[in-house]
Each structure stands twice: as C-alpha cells, then as structure tokens.
Amino acid sequence: MPQEMRGIWHKDILGRAPNAEECDPRLRGTIDWDRLITVRDSGYVYFEMSGRIMEVHDRTDTMIDATFDTTYADTPTSERRDFALQGDGTLAINLDDGDGTMQVVQYRRCPE
C-alpha cells in the first residue's frame, strides 16, 4: 500500500475530521468498529475482515488498484478494491459490489 495511505481512517459520515476518541480502538463503547479501517503496508483491516494484497493492477504514490485476499474463517474469498487519496485529504475506497456497480466510501485520517 502506498506510504501516504497507511494509518487509521474513520468513515466520513460526520463531515469533519474525527477526534482521537472516535478513533481509539481501546474505547469499545465509544466508537462503531465498522467505521474504522487500518491501512498497512500489505493490505487493510476493517471491522472483522482484512485484505492482503494478492495482485496489484495499478499503483502510484496516491492510489492503488489491487485484488485482496479477504478469506475469512475457512471460506477463500477475494475482492478488487481501489484506494485513492483525494485532494482534500480524504481516502476514497471503491469496491465492486458484485453486480457491476461501484460503491465508494470516503474516510478521513484519524489523529495520531
């Protein structure tokens, strides 16, 4: 994953940058786990799911289009996702939802 994307991101449903409490995974009662995504060097972790890069289709310093191994339990699965940093600092993640349409979710970087 491009260096600039690595870190913890909060789903942009607030229309503002998240605060530290909204991004602290130790505070189980104060956040919604499904609003956080952690981008690491080899993939991402989201809620109870993770994705490890299997194949890179395109990559720059600000985007990556890749197929990720999303195997959970004993069921092998994969998904193609596109991660792109936007000019306003948000992270847009595009996911093919299986019927040919793309679902786009925006995230804002959590404070360190």
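See the structure printed just above.
The model shown is predicted, which means the values in this text are computed figures rather than measured ones.

### A few points about the overall build of the chain
In terms of regular secondary structure, the chain is built from one helix and eight strands. What you see in the chain, going N to C, is helices and strands ordered as β-α-β-β-β-β-β-β-β. Out of the 112 residues belonging to the chain, those deemed buried represent 33%. The long-range fraction of contacts in the chain, counting pairs at least 24 apart against all pairs at least 6 apart in sequence, stands at 42%. Entry remark: accessible area of the chain is about 6,800 Å², with carbon and sulfur atoms responsible for 46%.

### Some details on the environment of R109
Relative to the assigned elements, R109 resides in strand β8 (residues 102-109). Measuring from C-alpha to C-alpha, the distance between R109 and I8 comes to 6.2 Å, with 101 residues separating the pair along the chain. One polar contact links the side chain of R109 to the main-chain carbonyl oxygen of R6, over a distance of 2.9 Å.

### Some remarks on the nonpolar core
One finds M1, M5, I37, V39, F83, L91 and Y107 to be the most contacted residues of the largest nonpolar core, which totals 15 residues. Mapped by element, the contributors of at least two residues to this core are β2 (36-40), β3 (43-46), β5 (63-69), β7 (91-96) and β8. Considering every element that reaches this core, the biggest residue donor is β5, with three residues. Among residues more than four places away in sequence, those in contact with F83 are M1, M5, I37, V39, Y44, T62, M63, I64, F68, L91, A92 and I93.

### Side note on the sheet that holds β8
Strand order in the closed barrel made by the eight strands is β1-β2-β3-β4-β5-β6-β7-β8, with antiparallel pairing throughout. Neighbouring strand axes in the sheet, compared pairwise and without regard to direction, differ in orientation by 35° on average. The pairing of strand β1 (residues 7-11) with β2 spans four bridges and is classified as antiparallel. Bridging from a neighbouring strand, W9 pairs with I37 of β2.

### Quick notes on the packing of aromatic side chains
For any pair of aromatic rings, the description consists of the separation of the ring centres together with the inter-plane angle of the planes. Enumeration according to the criterion identifies three aromatic pairs in this entry. Taking 5.6 Å as the distance between ring centres and 45° as the angle between the ring planes, the aromatic pair formed by Y44 and F83 counts as tilted. Taken together, the positions of Y44 in strand β3 and F83 in strand β6 (residues 78-85) put the pair 39 residues apart, joining distant regions of the chain. Y44 sits in the buried class, given a relative accessible area of 2%. Given a relative accessible area of 0%, F83 falls into the buried group. An aromatic cluster is defined as three or more aromatic residues linked by ring pairs; in this entry it consists of Y44, F68 and F83.

### Description of the state of the cysteines
What the rule picks out here adds up to one disulfide. Put simply, C23 and C110 are joined by a disulfide, and their sulfur atoms are 2.0 Å apart. On the S-S bond that ties C23 to C110, the torsion sits near -75°, and the link is left-handed. With C23 in helix α1 (residues 20-23) and C110 in the segment after β8, this pair connects stretches of sequence that are 87 residues apart. Here the two residues C23 and C110 agree in accessibility, since each one is buried.

Each value, and the rule that gives it
Residues numbered from 1 in each chain as written. Predicted model: local features only at pLDDT ≥ 70, side-chain atom pairs only at ≥ 80, totals over all residues. Heavy atoms only, no water. Helix = DSSP H or I, 4+ residues; strand = E, 2+ residues; numbered from the N terminus. Buried < 20%, exposed > 50% of the residue type's maximum accessible area, 1.4 Å probe, protein only. Contact = heavy atoms within 4.5 Å. Areas by Shrake-Rupley, 256 points an atom, 1.4 Å probe, with all protein chains shown as cover. Polar contact = N/O pair within 3.5 Å; in protein donor to acceptor, adjacent residues only side chain to side chain. Core = buried A, V, L, I, M, F, W, Y, C linked by side-chain atoms within 4.5 Å. Pairing = 2+ DSSP bridges. Axes fitted to C-alpha atoms, helices over the stretch in contact; angles between N-to-C directions. Phe/Tyr/Trp six-rings, centres within 6.5 Å; stacked < 30°, edge-to-face > 60°. Disulfide = S-S within 2.5 Å.

Distances and angles like these do not, on their own, reveal function.
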